[in-house]
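# Report on the structure
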Amino acid sequence: MEKIASFQIDHLHLEPGVYVSRVDSWNGVDVTTFDLRLTAPNQEPPMDSAAMHALEHLGATFLRNDPSWKDRVVYFGPMGCRTGFYLLLFGSFESKDVIGLVTSLFEFAESFEGDIPGARPEECGNWHDSDLMQARWWARRYLAGTLRGIDERHLSYPHAF
Ligand SMILES: [Zn+2]
């Protein structure tokens, strides 16, 4: 089988950033997949699943309530390697188009207090696997280290090998 596009990114030189993974089109509808990379693959520790799970619930809740973007949200969820998240939006976009949205999402997560939305046993398949303090730590790190003052090098993938 053919190697899919996301396996052709050079994961040895990938730094935290906001990247366009792909733009798919079908029947005149575009969908952009963003790679929200929080930690450098194979160089820094990945996130714990409990931190990612909390960020997934907070991120999905935030995105689906954002007045200007909610109708464009297709999906937000974790990468299996636990180094980042995928965000899928209807439309064809560049990374710089969503920096404001992504920054607001992680500011929401960084300052969140109280019960994580949708994290009760009747609402989620593994409700106790959720760590708000770690989620807030990763959100703070992504904001301070990557999102605020992001430069061109962290908005598009390093050249493929
Ligand atoms: Zn869940």
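About the cut-offs
Residues numbered from 1 in each chain as written. Predicted model: local features only at pLDDT ≥ 70, side-chain atom pairs only at ≥ 80, totals over all residues. Heavy atoms only, no water. Donors = N, O, S within 2.8 Å, 3.2 Å for Na, K, Ca; no water. Helix = DSSP H or I, 4+ residues; strand = E, 2+ residues; numbered from the N terminus. Buried < 20%, exposed > 50% of the residue type's maximum accessible area, 1.4 Å probe, protein only. Expected span 1.5 Å × (residues − 1). Contact = heavy atoms within 4.5 Å. Core = buried A, V, L, I, M, F, W, Y, C linked by side-chain atoms within 4.5 Å. Axes fitted to C-alpha atoms, helices over the stretch in contact; angles between N-to-C directions. Parallel < 35°, antiparallel > 145°, perpendicular 65-115°, else oblique. Nonpolar A, V, L, I, M, F, W, Y, C, P; charged D, E, K, R; others polar. Pairing = 2+ DSSP bridges. Phe/Tyr/Trp six-rings, centres within 6.5 Å; stacked < 30°, edge-to-face > 60°.

Next up on the list: the coordination of the zinc ion. On the protein side, the zinc ion has His-53 (NE2), His-57 (NE2) and Cys-124 (SG) as donor atoms, found 2.1 to 2.2 Å from it. When the donors of the zinc ion are listed by position in the chain, the intervening gaps give H-x3-H-x66-C. You can see His-53 sitting in helix H1 (residues 49-63) and its partner Cys-124 sitting in the loop between helix H2 (95-110) and helix H3 (132-147), a full 71 residues away along the chain. By the burial criterion, His-53 is buried, and Cys-124 matches it.

Okay, H1 next. An α-helical segment advances 3.6 residues per turn. Residues three or four places apart therefore align on the same side. Here H1 contains 15 residues, and its C-alpha end-to-end distance of 20 Å stays within 8% of the 21 Å for a straight helix at 1.5 Å per residue. In terms of residue burial, H1 counts as a mostly covered element, since eleven of its 15 residues are buried. Looking at H1, one finds that the buried residues are Ala-50, Ala-51, Met-52, His-53, Ala-54, Leu-55, His-57, Leu-58, Gly-59, Phe-62 and Leu-63. Looking at the buried residues of H1, the elements they touch are strand E3 (73-78), strand E4 (84-90), H2 and H3.

Once that is clear, we can look at the nonpolar core. Leu-36, Leu-55, Leu-87 and Phe-106 are the most contacted members of the largest nonpolar core, which totals 37 residues. Of all elements in the fold, only strand E2 (29-37), H1, E3, E4, H2 and H3 reach the threshold of two or more residues within this core. Contacts of Leu-55, omitting those with residues within four sequence positions, involve Leu-38, Met-47, Phe-76, Phe-85, Phe-106, Ala-109, Ala-135, Trp-138 and Ala-139.

So, about the environment of Lys-96. Mapped onto the elements, Lys-96 comes out in helix H2. When the C-alpha positions of Lys-96 and Met-1 are compared, they lie 33 Å apart, and in sequence the two are 95 residues distant.

Take the environment of Ser-21 next. On the secondary structure map, Ser-21 appears in strand E1 (residues 17-26). When its relative accessible area of 16% is taken as the criterion, Ser-21 is described as buried. Spatially, the C-alpha atoms of Ser-21 and Pro-45 are 22 Å apart, while their sequence positions differ by 24 residues. When residues no more than four places from it in sequence are discounted, the contact partners of Ser-21 are Ser-6, Thr-33, Phe-34, Asp-35, Tyr-86 and Tyr-157.

Bringing the packing of H1 against H3 into the picture now. It is at 8 Å that the axes of H1 and H3 come closest, and there the two elements cross at 75 degrees. Classified by the angle between their axes, H1 and H3 sit roughly perpendicular to one another. Residues Ala-51, Ala-54, Leu-55 and Leu-58 of H1 form the contact with H3, whose own contacting residues are Leu-132, Gln-134, Ala-135, Trp-138 and Ala-139. Taken together, the residues of the contact of H1 with H3 break down into eight nonpolar, one polar and no charged.

A few words now on the environment of Gly-100. Tracing the chain through its elements places Gly-100 in helix H2. A relative accessible area of 45% means that Gly-100 is categorised as partly exposed. Note: C-alpha distance between Gly-100 and Gly-28 (72 residues apart in sequence) is 27 Å.

Time to look at the pairing of E2. The buried count for E2 comes to seven of nine residues, which makes it a mostly enclosed element. As judged from the nine bridges shared by E1 and E2, these two strands associate in the antiparallel manner. In the sheet register, Trp-26 faces E2, and the bridge partner there is Val-29. Between E1 and E2, which pair antiparallel in sequence order, lie two residues; one of them, Asn-27, sits at a positive phi of approximately 55 degrees. As defined by bridge partners, E2 adjoins E4 across seven bridges and the pair is classed as antiparallel. When the sheet's bridge partners are listed, Thr-32 is paired in E4 with Leu-89.

Enumeration over the complete set of coordinates arrives at seven aromatic pairs. Taking 5.1 Å as the distance between ring centres and 15 degrees as the angle between the ring planes, the aromatic pair formed by Phe-76 and Phe-85 counts as stacked. For the pair Phe-76 and Phe-85, one class covers both residues: buried. Relative to Phe-112, the ring of Phe-108 lies with its centre 5.6 Å away and its plane at 65 degrees, an arrangement referred to as edge-to-face. For Phe-108, a relative accessible area of 26% translates into the label partly exposed. Given the relative accessible area of 13%, Phe-112 is considered buried. Three or more aromatic residues joined by ring pairs form one cluster here, namely Phe-62, Phe-108 and Phe-112.

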